[in-house]
Amino acid sequence: MTKKQQIIRFENAGLAYAESAETLSDINLTLGEGEFRFLTGPSGAGKTSLLKMIYLAMRPTRGTLHLFGEDTIDAPREALPMLRRRIGVVFQEFRLLDHLTAFDNVALPMKVAGVNLNSYREDVSELLNWVGLGDRMDAKPPTLSGGEQQRVALARALVSKPDLILADEPTGNVDPAMSERIMKLFVELNKLGAAVIVATHDLHLVQTLGKPVLKISEGRVSRSPAAGGGA
Amino acid sequence: MSDTAPKSNFMTRWRREPLLPEAGAGGAPLTAVIAVMSFLAVLAMAAVLIIHQSAGRWTAELQSEITVQIKGADQAEIAASASAAMRVLNDTPGVEEAILKSDDETAALLEPWLGKGNVRAFLNIPALIDVKVTPALRTDLDSLRQRLTAVAPGAALDDHAAWHNRLAMAAQSGQALAVLVFLLVMGAACAVSTFAARAGLAANHEIVSVLHLVGATDKFIASEVQRRFFILGFRGAIAGLAAAFAALAGAAYLLERGVGADSFLPQFTLGGWHALWLLTVPLATCLVTAFTARLTVLNTLHRQY
């Protein structure tokens, strides 16, 4: 049996903002290739902070974090973009660039990676069609509804076929039907080998898909077995 | 996923949108400042070229001419000495032309100081001989000086060396000053570019953050800013160049109309290669602006993010 590569490995990691007490403490967590986790917890528990450390927006203030087998604490600054390109992130607040069209927003990870437009034009169009925005490709985010912006953000996170997908409340602004489609897409991508972490408040969704859950409570992460029926 | 054909406007797709919005990079104010910088830099460069050209013309004239002045106890002695000096000069290899100024011409030279009238009645006015010499003879004027004093004891040879040295010094000082002004303008362009790049990064903090998170390197972001600044700098530099050309043309017109083409003042006639030199100024301004912005962004990102 082939040993799965460790995508994420936290060891005794902690995160503190400025001089305040640690928001997250004693994180010992691993996520292997092709694994799926829900991340739950009350508002302000630290779900977004944990995701920020994983997508390298913040570094742990203590302990270690390895991504794709590489130590991110001692990694030179120049090495971080290559790691970030292997991660697709759906931000809770979308973080789209208002002056770019939906097409250009989705294409952003490919542009910054220096990929030729001809190589990804079809992929971007197909993704936007899939999320139901095929006729809004030239629209700019301020003209899109919250749900449409969330779908653009989803397409941007997936366009580079990342090894790790992080989604922070990815279904918060979409209708139940789209919500189900998005979650099924994550499951399909997970089956194709991508590791997935979805932070959500939607316990019904967690129950329905029956995937393992990471719970954050009082700044500490604990693991629960798969809940519910499974997808 | 759906196999629906993409409904996209191809031209919109094809056109490359800048990843940083134009307003964030300083926009119109930066273009205006660069235009002023470019205008001043072109004028400074034009001053360098005009001084160089004029100094060359002046010194070439002074180098090829000498003046022989002949004094005497009375007009008869002066006339005899002048004739003897002319014979020596005409027999000297390297003398291209020797012209003895007439009494009227000499009197005309004194007119501004002594006024009109028969000044020869009460003054022994020296005779003046304008001599054009070859560069070879100019390097050895001592033997000519000795031969002249042998036949005309009151002869004095003026090789214009003092004037030549003063003019060369003045020209060099003028050129050095113009180069200093040019460098100061370029330095100011660097400072403006640095300030605008920092302000642009601060204004676009969220965009830069997103670019980082989707995998952009510092060099990629710096290249985007550099490209934007080059375009802004180019627009400003071309506007400054056009304004400077207009100013130079206006100055040339007024100078020629006001004092005439034979004036001792510099001529504003810049040839083809001069124009090429002036065209390098907006290019230099663009490059300085863009490269400074790139370095500023790389430095700032390294410290901030």
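Quick caveat: nothing in here was measured; it's all calculated off a predicted structure.

Regarding the overall build of chain A
- Looking only at helices and strands, chain A features seven helices and 10 strands.
- Whereas a compact globule of 231 residues would reach a radius of gyration of roughly 17 Å, chain A reaches 17 Å, a difference of no more than 12%.
- When the backbone C-alpha atoms are referred to their principal axes, chain A occupies close to 45 × 45 × 45 Å.
- Per-residue burial for chain A yields a buried fraction of 56% across its 231 residues.
- A separation threshold of at least 6 residues defines the contact pool for chain A, and within that pool the share at least 24 residues apart is 65%.
- Distance between charge centroids for chain A: 2 Å, based on 27 positive and 27 negative side chains.

Considering the packing of helix α2 (residues 27–64) of chain B against helix α7 (residues 161–203) of chain B
Residue and element names in this part refer to chain B.
- Closest axis-to-axis distance for the α2/α7 pair is 9 Å, and the angle between their directions is 165°. Compared by their axis directions, α2 and α7 come out roughly antiparallel. In this structure, the crossing between α2 and α7 has a hand that is left-handed.
- Looking at the contact of α2 with α7 residue by residue, the class counts come to 26 nonpolar, six polar and no charged.

Description of the sheet that holds strand β10 (residues 220–224) of chain A
Residue and element names in this part refer to chain A.
- The six strands lie next to each other as β6-β7-β8-β3-β9-β10, forming an open sheet whose pairing is mixed. With partners counted over all chains shown, the strands left at the sheet margins are β6 (87–90) and β10, one partner each. Each adjacent strand pair in this sheet contributes to an overall mean axis angle of 20°, direction not counted.
- Here strand β3 (residues 36–40) pairs with strand β8 (residues 195–199) via four bridges, running parallel. In the sheet register, Phe38 faces β8, and the bridge partner there is Val198.
- Where helix α1 (residues 47–54) meets the sheet, it contacts β3, β6, β7 (164–168), β8, β9 (213–217) and β10, and its direction lies at approximately 150° from that of β7.

Description of the sheet that holds strand β1 (residues 6–16) of chain A
Residues and elements named next belong to chain A.
- The strand order across the open sheet built from four strands is β2-β1-β4-β5, with neighbouring strands paired in antiparallel fashion. Strands at the two margins of the open sheet, each flanked by one partner only, are β2 (22–32) and β5 (70–71).
- Note that β1 and strand β4 (residues 62–67) share five bridges and pair antiparallel. What sits directly across from Ile8, in β4, is Leu67.

Let's talk about helix α4 (residues 117–130) of chain A
Residue and element names in this part refer to chain A.
- For α4, built from 14 residues, the straight-helix expectation of 20 Å at 1.5 Å per residue is met to within 8% by its first-to-last C-alpha distance of 20 Å.
- Within the sequence span of α4, burial applies to Tyr120, Arg121, Val124, Ser125, Leu127, Leu128, Asn129 and Trp130.
- Gly132 sits one or two positions beyond α4 and adopts a positive phi of about 80°.

Considering the packing of aromatic side chains
Residue and element names in this part refer to chain A.
- With the rule as written, the count across this model stands at three aromatic pairs over all chains.
- A ring pair is formed by Tyr55 and Phe91, whose centres lie 5.2 Å apart and whose planes are at 85°; its orientation type is edge-to-face. Pair noted here: Tyr55 is in the loop between α1 and β4 and Phe91 is in the loop between β6 and α3 (102–112), with a separation of 36 residues, a long-range link. In this structure, Tyr55 and Phe91 share a single accessibility class: buried.
- When the ring centre of Phe68 is taken as reference, the NZ or CZ atom of Arg86 above it lies at 4.0 Å.

Regarding the domain arrangement of chain B
- Domain assignment breaks chain B into domain 1 (21–59 + 172–304) and domain 2 (72–153).
- If you average the C-alpha positions of domain 1 of chain B and of domain 2 of chain B, the two centres end up 54 Å apart.

Looking at the pattern of salt bridges
- As enumerated under the stated definition, the model contains 16 salt bridges over all chains in all.
- Notably, a salt bridge pairs Arg136 of chain A with Glu148 of chain A, separated by 3.5 Å at the nearest N-O pair. A residue pair is termed long-range when its members are at least 10 positions apart, and Arg136 of chain A in the loop between α4 and α5 (146–158) and Glu148 of chain A in helix α5 qualify at 12 residues.
- Residue classification places Arg136 of chain A among the partly exposed positions, given a relative accessible area of 24%.
- One salt bridge in this structure joins Asp142 of chain B and Arg145 of chain B, with 3.0 Å as the shortest N-O distance. Here Asp142 of chain B pairs with Arg145 of chain B, and both are found in helix α6 (residues 142–151), just three residues apart, close to one helical turn.
- For Arg145 of chain B, a relative accessible area of 30% gives the class partly exposed.
- Taken together, the salt bridges that share partners define one network made up of Glu22, Asp26, Arg62 and Arg220 of chain A.

Points about the pairing of β2 of chain A
Residue and element names in this part refer to chain A.
- Pairing geometry for β1 and β2, over seven bridges, is antiparallel. Note on β2: the bridge partner recorded for Leu15 is Leu24.
- Two successive antiparallel strands, β1 and β2, enclose a turn made up of five residues, where Ala18 displays a positive phi of approximately 50°.

Structural notes on the side chain of Gln149 of chain A
Residues and elements named next belong to chain A.
- You can see Gln149 is positioned in helix α5.
- Residue classification places Gln149 among the buried residues on the basis of a relative accessible area of 17%.
- If we skip the residues at most four places from it in the chain, Gln149 touches Phe94, Leu96, Pro141 and Leu144.

Let's talk about the nonpolar core
Residue and element names in this part refer to chain A.
- Counting residues in each nonpolar core, the largest one holds 43 residues, and the members touching the most others are Leu128, Leu154 and Phe186.
- Elements that contribute at least two residues to this core include exactly β3, α3, α4, α5, β7, α6 (176–191), β8 and α7 (203–209).
- Not counting residues within four places of it along the chain, the set of residues in contact with Leu128 comprises Ala102, Phe103, Val106, Leu133, Gly134, Met137 and Val152.

Brief notes about the side chain of Thr292 of chain B
Residues and elements named next belong to chain B.
- Of note, Thr292 is situated in helix α10 (residues 272–304).
- A polar atom in the side chain of Thr292 sits 2.5 Å from the backbone oxygen of Val288.
- Beyond its immediate chain neighbours, meaning those up to four positions away, Thr292 contacts Cys190, Ser193, Thr194 and Leu287.

Reading the values: the criteria
- Residues numbered from 1 in each chain as written.
- Chains lettered and ligands numbered in written order.
- Predicted model: local features only at pLDDT ≥ 70, side-chain atom pairs only at ≥ 80, totals over all residues.
- Heavy atoms only, no water.
- Helix = DSSP H or I, 4+ residues; strand = E, 2+ residues; numbered from the N terminus.
- Rg over C-alpha atoms; globule rule 2.2 N^0.38 Å.
- Buried < 20%, exposed > 50% of the residue type's maximum accessible area, 1.4 Å probe, protein only.
- Contact = heavy atoms within 4.5 Å.
- Lys, Arg positive; Asp, Glu negative; His and termini not counted.
- Charge placed at Lys NZ, Arg CZ, Asp CG, Glu CD.
- Axes fitted to C-alpha atoms, helices over the stretch in contact; angles between N-to-C directions.
- Parallel < 35°, antiparallel > 145°, perpendicular 65-115°, else oblique.
- Left-handed = near helix turned anticlockwise from the far one by under 90°.
- Nonpolar A, V, L, I, M, F, W, Y, C, P; charged D, E, K, R; others polar.
- Pairing = 2+ DSSP bridges.
- Expected span 1.5 Å × (residues − 1).
- Phe/Tyr/Trp six-rings, centres within 6.5 Å; stacked < 30°, edge-to-face > 60°.
- Lys NZ or Arg CZ within 6 Å of the ring centre and 35° of its normal.
- Domains from an automatic or database assignment.
- Salt bridge = Lys/Arg side-chain N within 4 Å of Asp/Glu carboxyl O.
- Core = buried A, V, L, I, M, F, W, Y, C linked by side-chain atoms within 4.5 Å.
- Polar contact = N/O pair within 3.5 Å; in protein donor to acceptor, adjacent residues only side chain to side chain.

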